Amino acid sequence: MAATFHYLVPIDFTPITENALVFALDAAKYNKGDIVLLHIISHAKERIPAEKQLRDLATKYQNPDVTISTRVVIGKVLRDIGLIADSIGVQLIIMGTHSTSIWQKIFGSPALSVISNSNVPIILTQQDTSFHRIKSIVMTVDLARESVQVVRYASRVAQIFNSKIYLVGQRYADEGLMKKIDVNLRVANGYLQENGLATTIHLLDSSNFEKNLIEYCREVKANLLAATHYQDMFSIFSTNLVQSLAENELSIPVMTFDGEDTSSGAQFGFITQ
């Protein structure tokens, strides 16, 4: 783990992204992390007013325990947030999400487009999301081999906050599907325990899984949800699941990572990374 944990917060000067900054600030206080505020512009003429606005925001939230720096970059929001995060070496993007319209539910939300173009894990927050010390992380593990990839990122967060991780899979009637779920759960659980983390495994009925998952989060008082994102709309856990979780009724922040980037690697390649 890096000596200093670096957070990137994309800012569009709406209350939703300002709340993401508040969340990142509270998180950074726990591990003496630092924060980079990023605003992406379309034209050079926008730079001077954007830089002033971003500096004013950093000043508003200045804290003796957290260093906040600012960057204004010419580019494309959906494409470049992930590229910038990767290039400056941040460990986590904290991004506020706007409610999706019916068209976004069909064609995909902007937030998920950012995820698809990022090698850095992202925590999605809502306008009503407030930071609570992350004592409980609920992580979904599904049939796809890539679903366990997000575990290494969830484990880093869990180590910072001394969290317990609740691994959740779907319960299927089909014996073959249950064997796949069992393998993924055991591999993820073994990795977490090797890293000294407390874990438990729980199965939820596959029917109404999303509703059951949120109720389980309520039951264990989850402070963070973790789920792998897939670009393929026909994946077993489709894009729609992460999109729906990002708008969950409990306003729990959702950590996600693009599983498509790992599809060509070894089945559980994260274990050796």
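None of the values given here were measured: they were computed from a predicted structure.

Q: Help me understand the overall build of the protein in this model?
A: A tally of regular secondary structure across the protein gives nine helices and 10 strands. Taken over 273 residues, the protein has a buried fraction of 54%. Carbon and sulfur atoms make up 49% of the accessible area of the protein, which totals about 12700 Å².

Q: Would you mind showing me how to read the packing of helix 6 (residues 151–161) against helix 7 (residues 175–194) here?
A: Between two packed helices, both the angle of their axes relative to each other and the distance between the axes serve to describe the pair. For the pair helix 6 and helix 7, the least separation of the axes is 10 Å and the interaxial angle reads 30°. Here helix 7 runs roughly parallel to helix 6, going by the angle between their axes. Relative to helix 7, the crossing made by helix 6 is right-handed. In contact with Val151, Arg152 and Ser155 of helix 6, helix 7 contributes Ala188, Tyr191 and Leu192. Split into classes, the residues belonging to the contact of helix 6 with helix 7 amount to four nonpolar, one polar and one charged.

Q: Is there a simple way to think about the pattern of salt bridges in this case?
A: It is possible for side chains bearing opposite charge to pair when their charged atoms get close. Under the criterion given, the structure shown has 10 salt bridges. Between Lys179 and Glu175 there is a salt bridge whose closest N-O contact spans 3.9 Å. A residue pair is termed a helical-turn pair when its members lie 3 or 4 positions apart in one helix, as Lys179 and Glu175 do in helix 7 at four residues. Glu175 shares its class with Lys179; the two are exposed.

Q: Please explain helix 6 as it appears in this structure.
A: Of all 11 residues making up helix 6, nine are buried, and the element is well covered by its neighbours. In this structure, the buried residues of helix 6 make contact with helix 1 (15–31), strand 6 (136–140), strand 7 (164–171), helix 7, strand 9 (224–229) and strand 10 (254–258). Phi turns positive, to about 55°, at Asn162, one or two residues after helix 6.

Q: Would you explain the sheet that holds strand 8 (residues 198–205) in this entry?
A: Two strands in a sheet stick together by hydrogen bonds in their backbones, pointing the same way (parallel) or opposite ways (antiparallel). Taken together, the 10 strands give an open sheet; going across it, the order is 3-2-1-4-5-10-9-6-7-8, and neighbouring strands pair in mixed fashion. The open sheet is flanked by strand 3 (67–74) and strand 8, the only strands paired with a single partner. Strand-to-strand twist of the sheet, defined as the mean angle between neighbouring strand axes without regard to direction, takes the value 25°. Pairing geometry for strand 9 and strand 10, over five bridges, is parallel. When the bridges of strand 10 are listed, Thr228 appears paired with Phe257. Each of strand 1 (6–10), strand 2 (34–41), strand 3, strand 4 (92–96) and strand 5 (122–125) is contacted by helix 1, which is oriented at about 170° to strand 1, the strand it contacts most. Here helix 2 (residues 47–60) sits on the sheet in contact with strand 2 and strand 3, set at roughly 160° to strand 3.

Q: Mind showing me how you'd approach helix 1 here?
A: One full turn of an α-helix is made of 3.6 residues, so residues set three or four places apart face in the same direction. Helix length check: helix 1, at 17 residues, gives a terminal C-alpha distance of 25 Å against a target of 24 Å (1.5 Å per residue), a fit within 8%. Of all the 17 residues making up helix 1, 12 are buried; the element is thus mostly covered by neighbouring parts of the structure. Phi for Lys32, located one or two positions after helix 1, is positive at around 50°.

Q: When you look at the packing of aromatic side chains in this model, what are you seeing that I'm missing?
A: Each pair of aromatic rings is reported with the distance of its centres and the angle of its planes. Per the counting criterion, the structure on display carries seven aromatic pairs. Note on Phe5 and Tyr7: the rings are 5.0 Å apart at their centroids and 55° apart in plane angle, and the pair reads as tilted. Accessibility assignment for this pair places Phe5 and Tyr7 in one class, buried. An angle of 75° between the planes, with centres 5.2 Å apart, marks the rings of Phe23 and Phe131 as edge-to-face. With Phe23 in helix 1 and Phe131 in the loop between strand 5 and strand 6, the pair connects residues that are 108 residues apart, well separated along the chain. Neither Phe23 nor Phe131 differs from the other in exposure class; each is buried.

Q: For this particular structure, what's the right way to read the confidence of the model for the protein?
A: Across the protein, the average pLDDT comes to 84, with 84% of residues at or above 70. Mean pLDDT in the protein bottoms out at helix 4 (residues 102–107), which sits at 37, and peaks at helix 2, which reaches 97. In the predicted structure, residues 233–239 sits below a pLDDT of 50 and forms 18 contacts with residues beyond four places in sequence or in another chain.

Q: Looking at this model, I keep getting lost on the pairing of strand 8. Mind explaining?
A: Regular strands show a simple pattern: their side chains alternate between the two faces of the sheet. Direction of pairing for strand 7 relative to strand 8: parallel, over a ladder of eight bridges. Within strand 8, the residue paired with Ile165 across the bridge is Thr199. Crossover handedness for the path strand 7 to helix 7 to strand 8: right-handed.

About the criteria used
- Residues numbered from 1 in each chain as written.
- Predicted model: local features only at pLDDT ≥ 70, side-chain atom pairs only at ≥ 80, totals over all residues.
- Heavy atoms only, no water.
- Helix = DSSP H or I, 4+ residues; strand = E, 2+ residues; numbered from the N terminus.
- Buried < 20%, exposed > 50% of the residue type's maximum accessible area, 1.4 Å probe, protein only.
- Areas by Shrake-Rupley, 256 points an atom, 1.4 Å probe, with all protein chains shown as cover.
- Axes fitted to C-alpha atoms, helices over the stretch in contact; angles between N-to-C directions.
- Parallel < 35°, antiparallel > 145°, perpendicular 65-115°, else oblique.
- Left-handed = near helix turned anticlockwise from the far one by under 90°.
- Contact = heavy atoms within 4.5 Å.
- Nonpolar A, V, L, I, M, F, W, Y, C, P; charged D, E, K, R; others polar.
- Salt bridge = Lys/Arg side-chain N within 4 Å of Asp/Glu carboxyl O.
- Pairing = 2+ DSSP bridges.
- Expected span 1.5 Å × (residues − 1).
- Phe/Tyr/Trp six-rings, centres within 6.5 Å; stacked < 30°, edge-to-face > 60°.
- pLDDT = per-residue confidence, 0-100.
- Right-handed = clockwise from strand over helix to strand, strands pointing away.

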